[in-house]
Amino acid sequence: MKEKKSIVIGVTGGIASYKALDIVSRLKKKNYDVHVIMTESATKFVTPLSFQSLSQNMVTIDMFNEPKVFEIQHISLAKKADLMIIAPATANIIGKVANGIADDMLSTTIMACKSPVVFAPAMNTNMYANPIVQDNIKKLKKYGYEFINPKSGRLACGDVGEGKLEDTEIIAEFLDSKLYSKKDLKGKNVLVTAGPTLAPIDPVRFITNKSSGKMGYSIAKEARDRGANVTLVSGPSNLEVPFGVEFLKVSTNEEMFNAVKSNFDQQDIIIKSAAVADFKPKEYSNHKIKKTEDDMSLKLTRDKDILKELGKMKTNQVLVGFAAESRDVFENAKGKLHRKNLDYIVANNILSKDTGFASNDNMVTIISKDGKINSLPKMTKREVAENLFDIILKKI
Ligand code: CTP
């Protein structure tokens, strides 16, 4: 079993302090050992008992409490932490650390911590814009501290602007990404396509394929967490745009082709999980087509096979395709692998239950150009992505 990693979360006093409860809860669900340090002012907003119950560890507040066991607590927590996050981080804690002040449990622990320390600021928009705060942030960045920038929106005080704590889901995912143990794609450029493409018929109608984008987005996140520079070219999808990737939103086959083509040369690995529309209406109507009592037929014309075009353009890139099949899965997938000049193809049977479209799970077979077959059991799409890169990296 993997040893549990420890995250120390420093909670400072602001209206967003309550959101730190959700961060703790999310990190616990991801199986981290979570320790909370609160500043005195944070305890005015949320009770330590809430943090204690969620983290299942004692909460540290005052430096001069009698220790339960003999250890100098700010040093022991600083040593225990594989990572520290300060969320929400007030202008006060940012200013203190930037200026070398260590006068309470949190600031002394940050000062003593040799693991990565991340600040997630949240404060009034004018405070955040204040050049003193901005200078302090710059200074801390120079020393290697990382920041999860606040979002814009309506703040508790009624002002509108930058200063809202980033979504707790994103903060938890960011920390998870930093602590991901595999970093074997560092320096590599990976391009992933995801989701469906649309072929418009008229201003309100279109033809499309079934695709949630979940497989492609999982691949993009796996590559990002392993250290790659990721470009995600995505057709319409309801999924959150993953942080830390270059995101190119497209709609039609042509837009997807152009986005991939203009980024193709610098890529090391290209994975095409998008469900691209193969046909488009022969003629697009600028006006909404009116119904009549008669049947209607639509003339379709072939659109580009993007992957096949990439297969022709390929130089040193590793090119990976997907094959969604409803029968003769292996034969069809192998045919596509050779026809499209791929290095790997990920084949799945779209008729199998609880996997494939919209589901969080998938069951795939990965076939290499030299005939190696890796049949994987049913697993999450994220685990499929992990296995896919494991297989690709063994070859490159
Ligand atoms: N693909 C593509 N452009 C298309 C169609 C598919 O780039 N116009 C890519 C998909 O992203 C996927 C792979 O080709 O990686 C296989 O897609 P699939 O629809 O299963 O295969 P097709 O080549 O369209 O074959 P068929 O319709 O015969 O199943």
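Every value quoted in this text rests on a predicted model; they were computed, and no experiment measured them. Note that residues are indexed from 1 along each chain, following the sequence as it is written. Reporting in this predicted model follows two pLDDT cut-offs: at least 70 for local features of residues, and 80 or more for side-chain atom pairs to be given and counted; totals over whole chains, interfaces and linings ignore these cut-offs and use all residues. Only hydrogens and water are set aside; all other atoms, that is, all heavy atoms of the structure, feed into the side-chain values.

### Comments concerning the site of the ligand
Stage number 1. Neighbouring residues of the ligand: 15 residues in total, closest Lys272, Ala274, Phe322, Lys336 and Lys340.
Stage number 2. Counted as a polar contact is a pair of N or O atoms within 3.5 Å, where, for protein atoms, one must be capable of donating a hydrogen and the other of accepting one, and residues adjacent in sequence contribute only when both atoms are in side chains. Between the ligand and Ala274, the relevant distance is 2.7 Å, taken from an oxygen atom to a main-chain nitrogen or oxygen of the residue.
Stage number 3. Interatomic distance of 2.9 Å between a backbone N/O atom of Phe322 and an oxygen atom of the ligand.
Stage number 4. Only the protein chains shown count as cover for residues, and all accessible areas are computed by the Shrake-Rupley method using a 1.4 Å probe. Coverage of the ligand by the protein chains reaches 76% of its 570 Å² of free accessible surface.
Stage number 5. Put plainly, a pocket is an open set of points on a 1 Å grid over the protein atoms alone with protein on both sides within 12 Å along at least five of seven lines, a cavity is a set where a 1.4 Å probe fits but cannot get out, and a lining residue has an atom within 4 Å of a point. Each molecule is assigned to a cavity or pocket provided more than half of its atoms lie within 2 Å of the corresponding grid points. One can see that the ligand is located within the second largest pocket.
Stage number 6. Of all the secondary-structure elements, those providing two or more residues to the shell around the ligand are helix 12 (306-313) and strand 16 (318-325).
Stage number 7. Of the residues forming the shell around the ligand, the biggest block, four residues, is contributed by strand 16.
Stage number 8. Ten residues, namely Ala, Val, Leu, Ile, Met, Phe, Trp, Tyr, Cys and Pro, are considered nonpolar, four, namely Asp, Glu, Lys and Arg, are considered charged, and the remaining ones, Gly among them, are considered polar. A breakdown of the residues in the shell around the ligand according to their chemical character gives seven nonpolar, two polar and six charged. Near is defined per residue: the residue qualifies when any heavy atom it owns lies within 4 Å of the molecule or strand. Numbering of helices and strands starts at the N terminus; helices are DSSP runs of H or I of at least 4 residues and strands are runs of E of at least 2.

### Remarks on the pattern of salt bridges
Stage number 1. Between Lys or Arg on one side and Asp or Glu on the other, a salt bridge is scored when a side-chain nitrogen of the former is within 4 Å of a carboxyl oxygen of the latter. Inspection of every chain in the model, using the stated rule, returns 24 salt bridges.
Stage number 2. Put simply, Glu386 and Lys182 hold a salt bridge, and the shortest N to O gap is 2.7 Å. Note that Glu386 is positioned in helix 14 (residues 381-395) and Lys182 in the loop between helix 9 (168-178) and strand 8 (189-194), a separation of 204 residues in sequence.
Stage number 3. Glu386 sits in the partly exposed class, given a relative accessible area of 24%. Relative accessibility thresholds used throughout: buried, under 20% of the residue-type maximum; exposed, over 50%; partly exposed, between the two (1.4 Å probe, protein chains only).

### Concerning the sheet that holds strand 8
Stage number 1. A sheet is described by the order of its strands in space; here eight strands give the open sequence 12-11-8-13-16-17-19-20, paired in mixed fashion. Among the strands making up the open sheet, the edge pair consists of strand 12 (246-249) and strand 20 (373-375). Going from strand to strand, the sheet's axes swing by 15° on average, the running direction of each strand aside.
Stage number 2. What makes two residues a contact is simply this: any of their non-hydrogen atoms within 4.5 Å. For helices, the axis comes from a line fit to the C-alpha atoms of the stretch in contact; other axes are also lines fit to C-alpha atoms, and the angle between any two N-to-C directions lies between 0 and 180 degrees. Sheet strands touched by helix 11 (residues 253-263): strand 8, strand 11 (229-234), strand 12 and strand 13 (269-272). Its angle to strand 8, the strand with the most contacts, is close to 175°.
Stage number 3. Where helix 13 (residues 329-339) meets the sheet, it contacts strand 16, strand 17 (344-349), strand 19 (364-368) and strand 20, and its direction lies at approximately 150° from that of strand 17. Strand pairing is assigned whenever DSSP detects at least two bridges linking the two strands.

### With respect to the domain arrangement of the protein chain
Stage number 1. Residue ranges assigned to the domains are those given by an automatic or database domain assignment. Per the domain assignment, the segments of the protein chain are domain 1 (6-178) and domain 2 (189-288 + 298-393).
Stage number 2. Between the C-alpha centres of domain 1 and domain 2 there is a distance of 39 Å.
Stage number 3. Buried area adds together the accessible area that both of two parts lose upon being put together, with accessible area traced by a 1.4 Å probe. Both faces considered, domain 1 and domain 2 share a buried interface measuring about 480 Å² in area, 53% of it formed by carbon and sulfur atoms.
Stage number 4. Looking only at domain 1, the three residues that lose the most surface to domain 2 are Ile170, Glu173 and Ser177, adding up to 78% of its buried area.
Stage number 5. There are two salt bridges connecting domain 1 and domain 2.
Stage number 6. Here Glu173 and Arg224 are joined by a salt bridge, their closest N and O atoms 3.1 Å apart.
Stage number 7. Summed over the shared surface of domain 1 and domain 2, the result is two residue pairs in polar contact (both at pLDDT 80 or more).

### Brief notes about the sheet that holds strand 4 (residues 117-121)
Stage number 1. What the five strands build is an open sheet, ordered 2-1-3-4-5; its pairing is parallel. Bordering the open sheet on either side are strand 2 (33-38) and strand 5 (146-147), each of which pairs with just one other strand.
Stage number 2. Strand direction decides the pairing type here: strand 3 (residues 83-89) and strand 4, joined by four bridges, are parallel. Bridge pairing in strand 4 places Met84 opposite Val117.

### Let's talk about the packing of helix 11 against helix 12
Stage number 1. For the pair helix 11 and helix 12, the least separation of the axes is 10 Å and the interaxial angle reads 25°. The angle between the axes of helix 11 and helix 12 places the two elements in the roughly parallel class. At the point where helix 11 passes helix 12, the crossing takes the right-handed sense. Between helix 11, through Asn253, Met256, Phe257, Val260 and Lys261, and helix 12, the contact on the second element is made entirely by Ile306, Glu309, Leu310 and Met313. Working definition: roughly parallel below 35 degrees, roughly antiparallel above 145 degrees, roughly perpendicular at 65 to 115 degrees, and oblique for all remaining angles. By definition, turning the near helix anticlockwise from the far helix through less than a right angle yields a left-handed crossing, and turning it clockwise yields a right-handed one.

### Focus on helix 13
Stage number 1. Along helix 13, the positions that sit buried rather than exposed are Val329, Ala333 and Leu337. The arc that holds every buried residue of helix 13, seen down its axis, measures 60°, which confines them to one face. In helix 13, those exposed residues whose orientation departs by more than 90 degrees from the buried face are Glu331, His338 and Arg339.
Stage number 2. Packing partners of the buried residues in helix 13 comprise strand 16, strand 17 and strand 19.
Stage number 3. Backbone geometry just downstream of helix 13 places Asn341 in the positive-phi region, at approximately 55°. Each C-beta atom gives one direction from the helix axis, and the arc is the one those directions make.

### Some details on the packing of aromatic side chains
Two measures describe an aromatic ring pair: the distance that separates the ring centres and the angle between the ring planes.
Stage number 1. The pairing test for Phe, Tyr and Trp rings, Trp by its six-membered ring, is centres within 6.5 Å, and the orientation test on the planes gives stacked under 30 degrees, edge-to-face over 60, and tilted for anything in between. According to the stated counting rule, one finds four aromatic pairs in the structure shown.
Stage number 2. Between Phe119 and Tyr145 the ring centres are 5.8 Å apart and the planes differ by 70°, which places this aromatic pair in the edge-to-face class. Of this pair, Phe119 sits in strand 4 while Tyr145 sits in the loop between helix 8 (131-142) and strand 5, and the two are 26 residues apart along the sequence. Both residues of the pair, Phe119 and Tyr145, belong to the buried class.

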